[in-house]
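If you want the building blocks of each chain, they are given just below.
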There are 2 protein chains.
Amino acid sequence: MEETAQLVPPRIPGLWQGGGLEETAQLVPPRNSLGHSPEEGLMVAKQVMKQINSGNLIRKMFQESRRLIAEYGRDNIYDFTLGNPTFEPPPAVTAAIIQVMRSGEKGIHRYMPNQGLEETRSFVAEKLQAKHDLPFSSHLVTMCVGAGGGLNIISKSLLNPADEVIVSAPHFPEYVHYTANHGGTLVVVPSSPSFHLDLNTIERAINPKTCAVLINSPNNPTGVAYRKGELDELGDLLRKKSRDRELPIYLISDEPYEKICYDGLITPSPFQAYEHTILVTSFSKDLAIPGERIGYVAVSPSCYDAGNIVSALNCAQLSLGFVNAPALMQKILPLLGDAIVDIAPYQKNRDLLYTCLRDLGVECVKPQGAFYLFPRTPIPDDLAFVKKAAEHKVMLVPGTAFGSPGFVRISYCFETEMIERSLPALRDVFSLR
Amino acid sequence: MEETAQLVPPRIPGLWQGGGLEETAQLVPPRNSLGHSPEEGLMVAKQVMKQINSGNLIRKMFQESRRLIAEYGRDNIYDFTLGNPTFEPPPAVTAAIIQVMRSGEKGIHRYMPNQGLEETRSFVAEKLQAKHDLPFSSHLVTMCVGAGGGLNIISKSLLNPADEVIVSAPHFPEYVHYTANHGGTLVVVPSSPSFHLDLNTIERAINPKTCAVLINSPNNPTGVAYRKGELDELGDLLRKKSRDRELPIYLISDEPYEKICYDGLITPSPFQAYEHTILVTSFSKDLAIPGERIGYVAVSPSCYDAGNIVSALNCAQLSLGFVNAPALMQKILPLLGDAIVDIAPYQKNRDLLYTCLRDLGVECVKPQGAFYLFPRTPIPDDLAFVKKAAEHKVMLVPGTAFGSPGFVRISYCFETEMIERSLPALRDVFSLR
């Protein structure tokens, strides 16, 4: 999944106190005419309250970064917490927005079909057809509010109460909520030591409540891209398991980093590997426009019940309040062709950091895509390690946030200059014992 | 709520057959290797399947309009079904987008706090402070993905399982889903004969499971704007009922039509009427940009548990996949000042249609805002009436869609020329017995 960010906590004097690393978000009860004590008085839904109190570790680390930056100055803090690229979109994005706004075309900002503009869906379908060699039509493409919005409409469309979705750890933390929001349960299984799919753990987790297997490649947080062979084996497993039961198991492939790949890698097609596949992605990373919330869901032409799934996605898009993906962003996509951010700086950053870690003897899988490294921590307790690293002004996210204690995530979607400057501090931190 | 639109059904040959007025959406089962029969084979979540099959009457009427337009030509069909204005945004919108894109400012399209840009929230807070004479700060404002997105994050933030939200009929149909999506129940009570609040029916509906009362003024579908006195009385009732119980009942005020008011009307402040108020709105109607999905949620400075509610709204914004309201649209708002669409054509349309209906002796409340009329049907069966009207090429939405049989909704956010041309047909239709 794409990296999201609650960069600044809501801070209402007297009502909220954010804070240091140790504390979970402290919620100070309001005083008002009702005079309730905190716990009984909290009107916020219990499920959300639990989310607030358990907190989002990525967000917490970022908050701590901001505190340290305020205290020590920006140049003295190495913030590797967020996947929020500091690079600008390709110039074609700005040009396309201005072109559309100057065109005089009527109705650009109006409501449209929940599924999205026909011209945009046709553009996406053509790209899909070219990459996956399958007869995609615009009917199978639903434009959505980023991959996060896409995953929510997929969950809403597919999950009945207590249905399960299987994912391999480490995994993007919000997957838990994307499933629970709609009555389902995320079942987390370990991946292989090299962070590839472990088909045995997946097979053992499959049961009659399994609705889907969710994969994310190139992966956040490991940077691993799944190979064609392993997708084919996953497809074979799901096909076999689907035969054993009444209904097929869906494969949901979350691919926002598909185009952020290094050394010329082209990721294999999940549609080719398995017929009952639903792909979800966004333009957040390859166009560097994550704040604009534009992505799409594509249902395989050979997917079981495809027509109803597309109808359900549209129903969910409306009823969850997305209604449609932002109109102007839909409008510019067909004008952009193959525009993409320059990934050379990402690859350079990866090489700098990976080489640094390797030279220190740190166990780390070399990323093939995305913009994260996920090395093993020199001490087993990743939460303790992250605290120690913060004392050295190096801000990292603990693997625990991704369901994999004993690791940390290093995000490297930043200026190479910052990465270069950080290397001595990083060496110190990874030499901690 | 704002009018939403699934304008075109997903149409996959052999998998979906949309259709005429009589039929609910017919779902033709797919044929595939699994060879399942339709019912058992449907993988779509049961809750969403129910939505698809029960259909959205606004959408169905619009589809039928499109069919008739294709058959008889655009000039021969009078389509009053959708609240999708054909007017263009004020020129300031286009100018602001171009200005921002040419500014060379960095980071415009990046992730931001889930709550939204500080500059945009400050702009909104100042407007709120001016209108409501209360100390709004940017902390109390959460930018959201249209009012539909706003209502979903509010529901997610407040509702525990089986909690109830009370609304007066007629009401915007999607409210049912906005509540059910998050485990709650919408409790519908009748309004007064003049479509104002009936405090007796609201009082009788309040019970220990009541979490909130939801109001929508100016109202879709009636066009009625609630008076200061009635909001004050509602506030008194909720204050009294909140004292009787452990926790306050919230007032949710959904106001996307606040600025679409006629004869100089300025709507009263729900915040002044009741302290535990949450306002949700969008810029869809007053800037005519419904496809861009930009709105906000404002929590009263005196609202119980305001700090936690704002935290919960941010959590919900992230976990439901909205992440943040579209960045560029947030960016332009502070540049727009008080820009608003020209409402003179709406008022002219209202006057034309209202006078026409009144001269025919049709029972109809004169709208003070929004762009809908909600007259009583000349025959009690509004579904039958809508079918008859369609035979006269006049497309209306039955009151049943809004929980009020025996009425129809006429949307008038269209060119006055079309309204004028339609009057003879409308006269014929409302003379039907």
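Residues numbered from 1 in each chain as written. Chains lettered and ligands numbered in written order. Predicted model: local features only at pLDDT ≥ 70, side-chain atom pairs only at ≥ 80, totals over all residues. Heavy atoms only, no water.

## Notes on the overall build of chain A
Within chain A one finds 15 helices and 14 strands. By residue count, 66% of the 433 residues in chain A fall in the buried class. Summing over all exposed atoms, chain A offers an accessible surface of approximately 14600 Å²; the carbon and sulfur share of this is 52%. (Helix = DSSP H or I, 4+ residues; strand = E, 2+ residues; numbered from the N terminus. Buried < 20%, exposed > 50% of the residue type's maximum accessible area, 1.4 Å probe, protein only. Areas by Shrake-Rupley, 256 points an atom, 1.4 Å probe, with all protein chains shown as cover.)

## Remarks on unusual backbone geometry
The peptide bond linking alanine 169 of chain A to proline 170 of chain A adopts the cis configuration, its omega dihedral lying at -5 degrees. In this model, aspartate 263 of chain A sits at a positive phi of 55 degrees, which is unusual for a non-glycine residue. Among the secondary structure elements, aspartate 263 of chain A is positioned in the loop between strand 8 (250-254) and helix 10 (270-273). In this structure aspartate 263 of chain A comes out as exposed when scored by relative accessible area, which is 55%. Positive phi is not limited to glycine here, since alanine 288 of chain B has a value of about 55 degrees. Within the secondary structure, alanine 288 of chain B is located in the loop between strand 9 (277-282) and strand 10 (295-299). Given a relative accessible area of 4%, alanine 288 of chain B falls into the buried group.

## Examining helix 13 (residues 344-359) of chain A
Residues and elements named next belong to chain A. Taking 1.5 Å as the rise per residue, helix 13 with 16 residues should run 22 Å; its terminal C-alpha atoms sit 22 Å apart, in good agreement. Here helix 13 has its buried residues at Pro345, Tyr346, Asn349, Arg350, Leu353, Tyr354, Cys356 and Leu357. Axial view of helix 13: buried residues confined to an arc of 160 degrees, hence all on one face. Against strand 11 (372-373), strand 14 (408-411) and helix 15 (416-430) lie the buried residues of helix 13. Two residues or fewer after helix 13 comes glycine 361, characterised by a positive phi angle close to 80 degrees. (Expected span 1.5 Å × (residues − 1). Arc of directions from axis to C-beta. Contact = heavy atoms within 4.5 Å.)

## With respect to the sheet that holds strand 8 (residues 250-254) of chain B
Through backbone hydrogen bonds, the strands of a sheet pair up, either in parallel or in antiparallel fashion. Residue and element names in this part refer to chain B. Within the open sheet, the seven strands sit side by side as 4-10-9-8-7-5-6. Their pairing is mixed. Each of the sheet's edge strands pairs with one partner strand only, and the pair in question is strand 4 (141-144) and strand 6 (185-190). Geometrically, the sheet is characterised by an average inter-axis angle of 25 degrees between neighbouring strands, direction not taken into account. Pairing analysis gives six bridges linking strand 5 (residues 164-169) to strand 6, with the strands arranged parallel. When the bridges of strand 6 are listed, serine 168 appears paired with valine 189. (Pairing = 2+ DSSP bridges. Axes fitted to C-alpha atoms, helices over the stretch in contact; angles between N-to-C directions.)

## Focus: the side chain of glutamate 230 of chain B
Residue and element names in this part refer to chain B. Inspection of the secondary structure puts glutamate 230 in helix 9 (residues 228-243). Of the side chains with opposite charge, arginine 227 comes closest to the buried, unpaired glutamate 230, at an N-O distance of 4.0 Å. Reaching out from glutamate 230, the side chain makes a polar contact with the backbone nitrogen of leucine 197 at a distance of 2.9 Å. Excluding residues within four positions of it along the chain, glutamate 230 makes contact with His196, Leu197 and Ala225. (Lys, Arg positive; Asp, Glu negative; His and termini not counted. Salt bridge = Lys/Arg side-chain N within 4 Å of Asp/Glu carboxyl O. Polar contact = N/O pair within 3.5 Å; in protein donor to acceptor, adjacent residues only side chain to side chain.)

## Details of the packing of helix 6 (residues 146-158) of chain B against helix 11 (residues 306-319) of chain B
In a pair of packed helices, the angle between the axes and the distance between the axes together describe the arrangement. All names here are of chain B. Put simply, helix 6 and helix 11 touch, their axes get as near as 8 Å, and they point 115 degrees apart. Pair helix 6 / helix 11 crosses with right-handed handedness. Contacts between helix 6 and helix 11 involve Ile153, Ile154, Lys156, Ser157 and Leu158 from the former and Ile309, Ala312, Leu313, Ala316, Gln317 and Ser319 from the latter. A breakdown of the residues in the contact of helix 6 with helix 11 according to their chemical character gives seven nonpolar, three polar and one charged. (Left-handed = near helix turned anticlockwise from the far one by under 90°. Nonpolar A, V, L, I, M, F, W, Y, C, P; charged D, E, K, R; others polar.)

## Let's talk about the packing of aromatic side chains
Residue and element names in this part refer to chain B. Under the criterion given, the structure shown has 29 aromatic pairs over all chains. Relative to phenylalanine 402, the ring of phenylalanine 374 has its centre 5.9 Å away and its plane inclined at 90 degrees; by these criteria the two rings are edge-to-face. With phenylalanine 374 in the loop between strand 11 (372-373) and helix 14 (382-391) and phenylalanine 402 in the loop between strand 13 (397-398) and strand 14 (408-411), this pair connects stretches of sequence that are 28 residues apart. For the pair phenylalanine 374 and phenylalanine 402, one class covers both residues: buried. (Phe/Tyr/Trp six-rings, centres within 6.5 Å; stacked < 30°, edge-to-face > 60°.)

## Focus: the pairing of strand 4 (residues 141-144) of chain A
Residues and elements named next belong to chain A. Because side chains alternate across strand 4, one face comprises the buried residues Val141 and Met143, and the other comprises Thr142 and Cys144, equally buried. Where strand 4 meets strand 10 (residues 295-299), four bridges bridge the pair, whose relative direction is antiparallel. Its bridge partner lying in strand 10, threonine 142 is registered against valine 297.

## Re the sheet that holds strand 7 (residues 210-216) of chain A
Residue and element names in this part refer to chain A. With respect to topology, seven strands assemble into an open sheet ordered 4-10-9-8-7-5-6, the strand pairing being mixed. Pairing within the sheet leaves two strands with one partner each, and these edge strands are strand 4 and strand 6 (185-190). Ignoring which end each strand starts from, the neighbouring axes of this sheet average 25 degrees apart. Sheet strands in contact with helix 6 (residues 146-158) are strand 4, strand 7, strand 8, strand 9 (277-282) and strand 10, and its direction is about 155 degrees off that of strand 9.

## Points about the nonpolar core
Across soluble globular proteins, nonpolar side chains show a tendency to be buried alongside one another. Membership of the largest hydrophobic core comes to 140 residues, with the highest contact counts inside it found for Ile97 and Leu328 of chain A together with Ile97 and Leu328 of chain B. Excluding residues that lie within four positions of it along the chain, leucine 328 of chain A makes contacts with Ile97, Val100, Met101 and Ile108 of chain A together with Ile97, Glu292, Leu328 and Met329 of chain B. Counting 73 residues, the second-largest nonpolar core is a separate cluster that includes Phe62, Leu68, Ala370 and Ala401 of chain B. (Core = buried A, V, L, I, M, F, W, Y, C linked by side-chain atoms within 4.5 Å.)

## Description of the pattern of salt bridges
All names here are of chain A. Summed over all chains, the structure comprises 40 salt bridges over all chains. Residues lysine 131 and glutamate 258 are paired through a salt bridge, measuring 2.9 Å at the closest nitrogen-oxygen approach. Highlighted residues: lysine 131 in helix 5 (residues 118-132) and glutamate 258 in the loop between strand 8 and helix 10, separated in sequence by 127 residues. Accessibility expressed as a relative area gives 29% for lysine 131, which makes it partly exposed. Aspartate 351 is paired through a salt bridge with arginine 350; the nearest N and O atoms lie 3.0 Å apart. Among the residues examined, aspartate 351 registers a relative accessible area of 29% and is labelled partly exposed.

## Some thoughts on the environment of cysteine 261 of chain B
All names here are of chain B. Take cysteine 261: it is sitting in the loop between strand 8 and helix 10 (270-273). Look at cysteine 261 and you get buried, because its relative accessible area is 6%. Note: C-alpha distance between cysteine 261 and alanine 225 (36 residues apart in sequence) is 8.4 Å. If sequence neighbours within four positions are ignored, cysteine 261 has contacts with Pro218, Thr267, Ile343, Gln368 and Gly369.

## Points about the packing of helix 4 (residues 91-102) of chain B against helix 12 (residues 327-336) of chain B
Residue and element names in this part refer to chain B. Where helix 4 meets helix 12, the closest approach of the two axes is 9 Å, and the angle between their N-to-C directions is 115 degrees. Seen along the crossing, helix 4 lies across helix 12 with a hand that is right-handed. Contacts from Ala92, Val93, Ala96, Ile97, Gln99, Val100 and Met101 of helix 4 reach helix 12 at Leu328, Met329, Lys331, Ile332, Leu335 and Leu336.

## What about the side chain of arginine 293 of chain B?
As for its placement among the helices and strands, arginine 293 of chain B is situated in the loop between strand 9 and strand 10. From its side chain, arginine 293 of chain B meets the backbone oxygen of glycine 321 of chain A in a polar contact 3.3 Å long.

## A few points about the state of the cysteines
Residues and elements named next belong to chain B. For the coordinates displayed, the defined rule picks out zero disulfides over all chains. Free cysteine: cysteine 261, not disulfide-bonded; nearest cysteine sulfur from cysteine 413 at 15 Å. Accessibility expressed as a relative area gives 0% for cysteine 413, which makes it buried. (Disulfide = S-S within 2.5 Å.)

## Points about the confidence of the model for chain A
Residue and element names in this part refer to chain A. Summarising the model, chain A shows a mean pLDDT of 89, and 89% of its residues fall at 70 or more. Under a pLDDT of 50 for its full length, residues 1-41 has, in the predicted model, 123 contacts with residues more than four places off or in other chains. In the predicted complex, the global pTM is 0.91; the interface-specific ipTM is 0.90. (pLDDT = per-residue confidence, 0-100.)

## Examining the environment of alanine 169 of chain A
Locating alanine 169 of chain A in the fold gives a position in strand 5 (residues 164-169). Taking the C-alpha atoms as reference, alanine 169 of chain A lies 5.1 Å from proline 190 of chain A; in sequence the two are 21 residues apart.

## What to know about the environment of threonine 355 of chain B
All names here are of chain B. Residue position: threonine 355 is located in helix 13 (residues 344-359). In this structure threonine 355 comes out as partly exposed when scored by relative accessible area, which is 30%. Placed 125 residues apart in sequence, threonine 355 and glutamate 230 show a C-alpha to C-alpha distance of 27 Å. Among the polar contacts listed, one links the side chain of threonine 355 to the backbone oxygen of aspartate 351, at a separation of 2.6 Å.

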